[in-house]
Amino acid sequence: MARIVKAEEYTARRNEILDAVLRLVYSKGYEKMTIQDILDQLHMSKGAFYHYFDSKADVLEALVERMVVEQVEPLLLSVVQDPHLTALEKLQRYFDTAVRWKTSEKALMLQLLSVWYSDENALARQKMLSLMVRHVTPLFMEIINQGTREGTFTVPYPEYASQVIINLVQPLGDTFAQMILSEEAMHDHALQKAETLVAAYNDAMERILGAPKGSIHLMDAGALKEWFPPKDTLQEASMFASTNL
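Note that the structure is a prediction, hence the values are computed from the model and not measured. (Residues numbered from 1 in each chain as written. Predicted model: local features only at pLDDT ≥ 70, side-chain atom pairs only at ≥ 80, totals over all residues. Heavy atoms only, no water.)

### Digging into the nonpolar core
In this structure, I17, F49, F176 and L209 are the most contacted members of the largest nonpolar core, which totals 71 residues. Take this core: its biggest share by element is eleven residues, from helix 7 (residues 122-150). If sequence neighbours within four positions are ignored, F49 has contacts with I17, I35, I38, L39, M44, S55 and V59. (Core = buried A, V, L, I, M, F, W, Y, C linked by side-chain atoms within 4.5 Å. Buried < 20%, exposed > 50% of the residue type's maximum accessible area, 1.4 Å probe, protein only. Helix = DSSP H or I, 4+ residues; strand = E, 2+ residues; numbered from the N terminus. Contact = heavy atoms within 4.5 Å.)

Written out as structure tokens, the structure is:
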């Protein structure tokens, strides 16, 4: 029992450190954050910190891995394990669920975009992508293998196809983020550009998987309008916000 308690205390304290680091990454950026900042947040000694982590880089890797394991992996796992879905349905269900989750947290996402995509967090973003590839590739492989058995996909190298898909989808999110951060989302042509981008990525993914044309949709029209609404809608929202400050 004593060993279990100690293990639970160790895990809890480690998570406290990771929570503090996450706040600092959002408020200062990874590059500007120092170990002393972490110690100050937690009123912790340097010796105590090094009991849990070897370095600042070690903390970042643990933080990103926790995000992938606790948020991204379960999202895909619940879809992969559904015995009633075809491979194509599983792939679509995953994309739909991910988009709905981000849209439901839109206010928070918009607040964090400028921080997450700052130069200071470039390493954190790269770490996230690397861990996504490592954790999510086996699950995408299951979907691809199922699709191959069902005759929906034609994929000679499922593992590499999975990695290509993950590396393909990430830049689309980056492009959308850059459009929003540059206020391009305020322009009339933003929705049309977003729709064209999604159509191009849909086509690329279908070609990678050998899937039927028009069978994959990374984002539907409704979700795109949530992120890139018509200009008059944006103006109305802006006026509403200004009257409620």
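### Regarding the pattern of salt bridges
Under the counting rule described, the total for this entry stands at seven salt bridges. A salt bridge links D19 to R66; the nearest nitrogen and oxygen atoms lie 2.7 Å apart. One end of the pair, D19, is in helix 1 (residues 2-27); the other, R66, is in helix 4 (residues 56-80), and 47 residues separate them in sequence. Classification of D19 as partly exposed rests on a relative accessible area of 33%. The class for R66 is buried, based on a relative accessible area of 15%. The closest approach of N and O atoms between K127 and E61, which form a salt bridge, is 3.4 Å. With K127 in helix 7 and E61 in helix 4, the pair connects residues that are 66 residues apart, well separated along the chain. (Salt bridge = Lys/Arg side-chain N within 4 Å of Asp/Glu carboxyl O.)

### Focus: the environment of E142
Tracing the backbone shows E142 in helix 7. By relative accessible area, E142 is classed as partly exposed at 44%. In this structure the C-alpha to C-alpha distance between E142 and S162, which are 20 residues apart in sequence, comes to 9.5 Å.

### Comments concerning the environment of M33
Inspection of the secondary structure puts M33 in the loop between helix 1 and helix 2 (35-42). Spatially, the C-alpha atom of M33 lies 8.4 Å from that of V21, the residues being twelve residues apart in sequence. In this view, M33 contacts V21, L24, V25, I38 and K56; residues no more than four positions away in its chain are not counted.

### Some details on helix 4
For helix 4, spanning 25 residues, the distance from its first C-alpha to its last is 34 Å, which sits close to the expected 36 Å at 1.5 Å a residue. Maximum bend of helix 4: about 40 degrees, positioned at E73, with proline P74 one to four residues after it. (Expected span 1.5 Å × (residues − 1). Bend = angle between axes of the 7 residues up to and from the residue.)

### Re the packing of aromatic side chains
In total, this model carries six aromatic pairs according to the counting rule given. Seen from their ring centres, Y94 and F140 are 5.6 Å apart, and the 90 degrees between their planes marks the pair as edge-to-face. Taken together, the positions of Y94 in helix 5 (residues 87-104) and F140 in helix 7 put the pair 46 residues apart, joining distant regions of the chain. This pair shows no difference in class: Y94 is buried, exactly as F140 is. Geometrically, the ring pair formed by F176 and F228 is edge-to-face, given 5.2 Å between the ring centres and 65 degrees between the ring planes. Of this pair, F176 sits in helix 8 (residues 158-181) while F228 sits in the loop between helix 10 (221-227) and helix 11 (231-242); the two residues are 52 residues apart in sequence, bridging distant segments of the chain. The class for F176 is buried, based on a relative accessible area of 9%. Ring-pair connections join several aromatic residues into one group, and the members of that group are F49, Y50 and F53. (Phe/Tyr/Trp six-rings, centres within 6.5 Å; stacked < 30°, edge-to-face > 60°.)

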